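Here is what each chain is made of, one letter per residue.
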Amino acid sequence: MDKTNATLRKLTDKFLAEDGTATIEALLWIPIYGLLLTFIADVSMVFHNQAQVMRIIQDGNRQLSVGRLKTTEQTEDFIAAALAGFSDNASVSTNLSSTGVINTSVMVPTEDLDSVGSWARLAEINLVVSAQHLIEF
């Protein structure tokens, strides 16, 4: 027990005798770590929202496929209305091929999908999400 107390006392004395260089280094590194973490949070939110946009596109395609929506314009309006919570700048394009395939593509600025804004400052990217679905007869 005395040996443990002596070791603990030695570590405590060493910590208290620190001259402050660790504090200066921490002050220099903490902003960099903070920026890195906000960048990671933004990229994560962009990927999460991309998955949500894909789900909305698939829902719209499915509605057209089963006949609940009658035209591609109705499908575009349905998808645009569902995307209003994500972005006001999203553009939707739906096409119906002669082979019975529904192609929908959505273009969304990444600045509408991130949370903090560090991602959008680095690059102004328009994210394009597309999906295809067969018409069910």
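Coordinates for the structure precede this section.
Below, the structure is looked at part by part. Every value quoted in this text rests on a predicted model; they were computed, and no experiment measured them. (Residues numbered from 1 in each chain as written. Predicted model: local features only at pLDDT ≥ 70, side-chain atom pairs only at ≥ 80, totals over all residues. Heavy atoms only, no water.)

A word on the sheet that holds strand S2 (residues 101-109)
One open sheet holds the three strands; their spatial order is S1-S2-S3, and the pairing between them is antiparallel. Two strands in the sheet have a free side with no partner beyond their single neighbour: strand S1 (91-96) and strand S3 (126-134). Looking at each pair of strands side by side, their axes are set apart by 15 degrees on average, direction ignored. Judged from the six bridges that link them, S1 and S2 form a sheet pairing that is antiparallel. Bridge pairing in S2 links Val 92 to Val 106. Strands in contact with helix H3 (residues 72-83) are S1 and S2; relative to S1, the strand with the most contacts, it is inclined by about 150 degrees. (Pairing = 2+ DSSP bridges. Helix = DSSP H or I, 4+ residues; strand = E, 2+ residues; numbered from the N terminus. Axes fitted to C-alpha atoms, helices over the stretch in contact; angles between N-to-C directions. Contact = heavy atoms within 4.5 Å.)

Observations regarding the pattern of salt bridges
Evaluated as defined, the whole model comprises two salt bridges. Put simply, Arg 55 and Asp 59 hold a salt bridge, and the shortest N to O gap is 3.1 Å. Pair noted here: Arg 55 and Asp 59 are both in helix H2 (residues 21-66), with a separation of four residues, about one helical turn. On the basis of relative accessible area, Asp 59 is assigned to the partly exposed category, the value being 34%. Notably, a salt bridge pairs Glu 136 with Arg 62, separated by 2.0 Å at the nearest N-O pair. Taken together, the residues Glu 136 in the segment after S3 and Arg 62 in helix H2 connect sequence positions 74 residues apart. (Salt bridge = Lys/Arg side-chain N within 4 Å of Asp/Glu carboxyl O. Buried < 20%, exposed > 50% of the residue type's maximum accessible area, 1.4 Å probe, protein only.)

What about the environment of Gly 85?
Tracing the backbone shows Gly 85 in the loop between H3 and S1. C-alpha of Gly 85 to C-alpha of Asp 112: the two residues are 27 residues apart in sequence and 9.8 Å apart in space.

Describing the pairing of S2
Between S1 and S2, which follow one another and run antiparallel, lie four residues, and Gly 100 among them has a positive phi close to 85 degrees. Examined bridge by bridge, S2 and S3 share nine bridges and lie antiparallel to one another. Bridge pairing in S3 links Pro 109 to Asn 126.

What to know about the environment of Ser 65
Mapped onto the elements, Ser 65 comes out in helix H2. Not counting residues within four places of it along the chain, the set of residues in contact with Ser 65 comprises Ile 102, His 133, Leu 134, Ile 135 and Glu 136. A polar contact of 3.2 Å, which involves the side chain of Ser 65, links it to the backbone nitrogen of Glu 136. (Polar contact = N/O pair within 3.5 Å; in protein donor to acceptor, adjacent residues only side chain to side chain.)

Concerning H3
Quick reminder: α-helices carry 3.6 residues per turn. Residues three or four places apart thus point the same way. Between the first and last C-alpha of H3 there are 16 Å, a value that for 12 residues agrees with the 16 Å anticipated at 1.5 Å per step. Every buried residue of H3 is listed here: Thr 72, Thr 75, Ile 79 and Leu 83. With its buried residues spanning 70 degrees around the axis, H3 presents them on a single face. Facing away from the buried side of H3 by over 90 degrees, the exposed positions are Asp 77 and Ala 81. (Expected span 1.5 Å × (residues − 1). Arc of directions from axis to C-beta.)

Quick word on the side chain of Thr 75
Structurally, Thr 75 is set in helix H3. Taking the relative accessible area as the measure of exposure, Thr 75 reaches 0% and is therefore buried. Every residue in contact with Thr 75, bar those within four places of it in the chain, is listed here: Gly 60, Asn 61, Leu 64, Leu 69 and Thr 94.

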